[in-house]
Amino acid sequence: MKVGVLLELGRHSNRFDYLDDKYLGVEIGDIVLVNLKGRLINGLVIEKNYYEGYSLSQKDLDESNKNLFSNYKYSSVEKIIEKNVLHPWWREWMEKMAFFYKVSTLKMFKTAFPPGWIGKSKNSLKKIYKFWIVCNKDIDHSKFRLTERQELLLREIKSHDGEWQSTLIKSGFNLKQINSLLNKGFIKKVKRQRITNISLNSYKTIEAANNIPILTDQQKKAIKAIQEMNEGDALLLWGETGSGKTEVYLRIVEKLLADKKSCLILAPEIGLIPQLIDRFSERLKKNVFEYHSNCSSTHRQAVWRILLKADEPFIVIGTRSSIFLPIKNLGIIIFDEEHDNSYKQENPMPCYDAREVAIDRLKRKETKVVFGTATPSLNIWKKVYFEKKFKLVKMPKRISIAKTPDIKIVDMRKEFKMGNSKILSKELLNSLINLKNKKEQAIILVPRRGYSGFLSCRSCGYIVNCPNCDTALTVHVGSKGGKWLSCHWCNFKRTYINNCPDCHSNAFKPFGIGTQRVIEFIGEELPDLRLLRFDRDTTSGKDGHRNILSEFSKGNADVIVGTQMIAKGIDIPNVTLSVVLAADGLLHRPDLSAEEKSLQLFLQLAGRSGRADKSGEVIFQTYQPNHPVISYLRKRDYESFLNENLQLRKNSNLFPFCRICLLKISGISNELTEKVSDRLAKYIKPFCKENKWELIGPSPSLVSKIGKKYRWQILIYGPDNSQIPLPNDNNLWGLVPINVSLVIDINPIEI
């Protein structure tokens, strides 16, 4: 039997024919291991053909087929990696998504599949064995004296009736200790294939009692509205922070599981997953799976295998990539914090938006989608308010009996005039002092991680930039006081310098503040406060987010200082103070959505305070108290902001009332990258004109250089719901040489 296998080769994918002459039973939808020019590659079987006269191998072809195959020498399929990973409906859906996002079908499949299934193979044709260590029962213990450490090692092995050598080493023992026991005859080593048991979620038992709360009237209304939705419907659940949206999700999911329906719950950030896993696992006890990029490849592959075969209902909680999971009998898709831009992938292609993908899945009339948030995105609100396509349920009241805290705007210009040049205003310092006395907690948001924004000379204005990027280096400080400079774009690092390289002045100081600097300042001013830092530098690893939030929720710290991720979905009852520092820069980014993102962030953070019975306080420090966003923030009037901004965009034919596509071109040579950009613009301009689309560019990107690569872009935009006027052939890609990259971003977040 001959099979057609899709293989990924560089930026393209191609179909190659192989023989199943080892009688492996290869079928369409299998992932197989094949040899291509000496390289082992995983590919996807998309076609198979039986031909008359085929028996064992190509040499046994019947004479009647000799002319057909005499010019070809087919290689064999080496191994089946996974069986039947393509359900017909799912394949059709992915092919449609590939067309929309301008990628090959295999590229779309690879994005959806767990890592390791497509591309360069990590599978060896040889079985891999590990050392299993067991105790020797026949040894006479009286002949030898063991050290305390050897005794401990022996007890460890006995307690488990054997243990893997690698596990013992990870536990703190070493090879010398193990081999010493081996030489004395106390233990035996046996080679075994290791099969790993995988936990499919990170749930850790919660000590607190699992009390099921009494529903409020607005929660009951929301649950009723969601239960009455038809398959193919979408609903916006607009709930104030602390209004009980998660409890609504729990009740809906519980009912669907009882009806034998599975559920998919998405969160925008990995940091929000642990608390959702805990809440759903504690309430529903079983069949809760976790799926995101911090899970290992083995973990994600295991989830896929279960989903492909399982008939029982289950819950998957994950980030944007989980939208592609082939979940059968899917009752609902829930987007928590719907407004968050992390649901959109910017790079690499396909640049998909999980919300758009979910809306497309609704067309199959097999599930329903709920978008939950306290600050709806303009795009979703447009579908509710202007297009009337989505249903709307509001939950404007908090569950807490405490009054919703007012937002205090502190004018830092006045602070400076009164002689206070510190990072924190006097009012904020007083609030932090009272925090310890009241045994309450605070969240402080700082837009930037690190110690300070950049290093600059006050004499000549010299700024230390990254040699690879068109950005300034950020100052970082280690736990022992050591300083260094780091690029948050390409991760370049260099030593800290005290004198200006240009004019040699020693007036060389860091400007701006980061999370590290705020932690240091509070530690100096208020040494009694216990502090935690929550940013990308401190939350690496699978349980990084969970561990820090767990420490804070247990009351092991009074103040947590973090970047934007701290404003998302954190529900800790003892938090009574929410603070925004140095956020003025967020208001003035050269981005059409800067005001929307800023107001969402500020309101989300304000909602973290006073969520239980204690009254809360919100302090916002700014040098621009009269900015329009601050006015909406002070009044908590997000709906007026939405309606006024959408009307303005509609009148100006701006997104989301038009469709946008951004072509992002990058390369090592700026001259070549610019030439390729010009070439692409000239090629697609006639297609744009024919379809009544506009073309702007090419022009350098906002950050024109990242990681030694120069960046250019071409913006095209046209009527809403119209097709992107880019040809679906190889001519476009033929204009891009191998040392220049092109990314096509449909409806980009930033321009």
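Before reading further, recall that the structure is shown in the block above.
Everything numeric here is computed off the predicted structure, so don't read it as measured data. (Residues numbered from 1 in each chain as written. Predicted model: local features only at pLDDT ≥ 70, side-chain atom pairs only at ≥ 80, totals over all residues. Heavy atoms only, no water.)

J.: So, the overall build of the protein chain: which residues are in play, and what are the values?
T.: Along its length, the protein chain carries 22 helices and 31 strands. Expressed as a percentage of its 751 residues, the buried residues of the protein chain come to 52%. The long-range share in the protein chain, meaning contacts at least 24 apart out of those at least 6 apart in sequence, stands at 74%. Only carbon and sulfur atoms are counted for the fraction: they give 49% of the accessible area of the protein chain, which is about 35,900 Å². (Helix = DSSP H or I, 4+ residues; strand = E, 2+ residues; numbered from the N terminus. Buried < 20%, exposed > 50% of the residue type's maximum accessible area, 1.4 Å probe, protein only. Contact = heavy atoms within 4.5 Å. Areas by Shrake-Rupley, 256 points an atom, 1.4 Å probe, with all protein chains shown as cover.)

J.: Tell me what's going on with the pairing of strand β10 (residues 234-239), and back it up with residues and numbers.
T.: Among the 6 residues of β10, 6 are classified as buried, and the element is accordingly described as predominantly covered. Both β10 and strand β15 (residues 368-373) contribute to a ladder of 5 bridges, which runs parallel. Bridged to Leu-237 within β15 is Gly-372. Where β10 meets strand β16 (residues 391-395), 5 bridges bridge the pair, whose relative direction is parallel. Looking at the pairing, Leu-236 lines up with Leu-392 of β16. (Pairing = 2+ DSSP bridges.)

J.: How would you explain the packing of aromatic side chains if you had to name every residue and give the values?
T.: The tally for this structure, following the rule as stated, stands at 25 aromatic pairs. Summarising the aromatic geometry, the rings of Phe-100 and Tyr-101 are spaced 4.8 Å apart at their centres and angled 85° between planes, so their arrangement reads as edge-to-face. Since its relative accessible area comes to 1%, Tyr-101 is described here as buried. Ring centres 5.3 Å apart and planes at 75° place the aromatic pair Phe-113 and Trp-304 in the edge-to-face group. Residue Phe-113 is found in the loop between α3 (105-112) and β6 (119-120), and its partner Trp-304 is found in helix α10 (residues 297-309); the two are separated by 191 residues along the sequence. Overall, Phe-113 belongs to the buried group, its relative accessible area being 4%. The ring centre of Tyr-385 lies 5.3 Å from the NZ or CZ of Lys-388, which sits over that ring. (Phe/Tyr/Trp six-rings, centres within 6.5 Å; stacked < 30°, edge-to-face > 60°. Lys NZ or Arg CZ within 6 Å of the ring centre and 35° of its normal.)

J.: Let's hear about helix α4 (residues 148-159): which residues, and what values?
T.: With 12 residues, α4 extends 16 Å between its outermost C-alpha atoms, agreeing within 8% with the 16 Å of an ideal straight helix rising 1.5 Å per residue. Among the residues making up α4, those that are buried are Gln-150, Leu-153, Leu-154 and Ile-157. Burial along α4 is one-sided: seen end-on, the buried residues are contained in an arc of 100°. When the buried face of α4 is taken as reference, the exposed residues oriented beyond 90 degrees from it are Glu-148 and Ser-159. Trailing α4 by a residue or two, Asp-161 shows a phi angle of about 55°, which is positive. (Expected span 1.5 Å × (residues − 1). Arc of directions from axis to C-beta.)

J.: Describe the nonpolar core, listing the residues and the values that go with them.
T.: If you look at the biggest cluster of nonpolar residues, it comprises 118 residues, and the most contacted ones within it are Phe-113 and Ile-323. Beyond its immediate stretch of four places on either side in the chain, Phe-113 contacts Ile-31, Leu-44, Val-85, Leu-86, Trp-90, Ile-118, Tyr-291 and Trp-304. Judged by nonpolar contacts, the second largest core, of 31 residues, contains Val-248, Ile-265, Ile-277 and Phe-280. (Core = buried A, V, L, I, M, F, W, Y, C linked by side-chain atoms within 4.5 Å.)

J.: Got a sec to walk through the pattern of salt bridges? Specific residues and values, please.
T.: A full pass over the atoms with the stated rule returns 38 salt bridges. A salt bridge links Asp-17 to Arg-15, with the nearest nitrogen and oxygen atoms 2.9 Å apart. By relative accessible area, which is 23% here, Asp-17 ends up partly exposed. What makes Arg-15 partly exposed here is its relative accessible area of 36%. In this structure, Arg-15 and Glu-47 form a salt bridge, with 3.1 Å as the shortest nitrogen-oxygen distance. Of this pair, Arg-15 sits in strand β2 (residues 12-19) while Glu-47 sits in strand β4 (residues 39-49), and the two are 32 residues apart along the sequence. Each of Lys-2, Arg-15, Asp-17 and Glu-47 takes part in a single network of salt bridges with overlapping partners. (Salt bridge = Lys/Arg side-chain N within 4 Å of Asp/Glu carboxyl O.)

J.: I'd like to hear about the environment of Val-5, residue by residue, with values.
T.: Tracing the backbone shows Val-5 in strand β1 (residues 2-9). Non-local contacts of Val-5, meaning those with residues more than four positions away in its chain, are made with Asn-14, Arg-15, Phe-16, Tyr-18, Val-32, Gly-43, Leu-44 and Val-45.

J.: Explain the environment of Leu-735 to me, using residue names and the numbers behind them.
T.: Position of Leu-735 relative to the elements: it lies in the loop between α22 (731-734) and β31 (740-746). On the basis of relative accessibility, which here comes to 19%, the residue Leu-735 falls in the buried class. Setting aside residues up to four positions removed in sequence, Leu-735 forms contacts with Val-676, Arg-679, Leu-680 and Tyr-683.

J.: Mind laying out helix α9 (residues 273-284), listing which residues take part and the relevant values?
T.: For α9, spanning 12 residues, the distance from its first C-alpha to its last is 16 Å, which sits close to the expected 16 Å at 1.5 Å a residue. The buried fraction of α9 is high, at 10 of 12 residues. Considered for burial, the residues of α9 that qualify are Ile-273, Pro-274, Leu-276, Ile-277, Asp-278, Phe-280, Ser-281, Glu-282, Arg-283 and Leu-284. The first or second residue beyond α9 is Lys-285, which carries a positive phi of 75°.

J.: An account of the side chain of Thr-319 is requested, with residue identities and associated values reported.
T.: Residue placement: Thr-319 occurs in the loop between β13 (315-318) and β14 (330-335). Residues contacting Thr-319, with those up to four places away along its chain left out, are Leu-266, Ala-267, Pro-268, Glu-269, Ile-270, Ile-273, Tyr-291, His-292 and Ser-293.

Nothing here speaks to function; it is geometry throughout.
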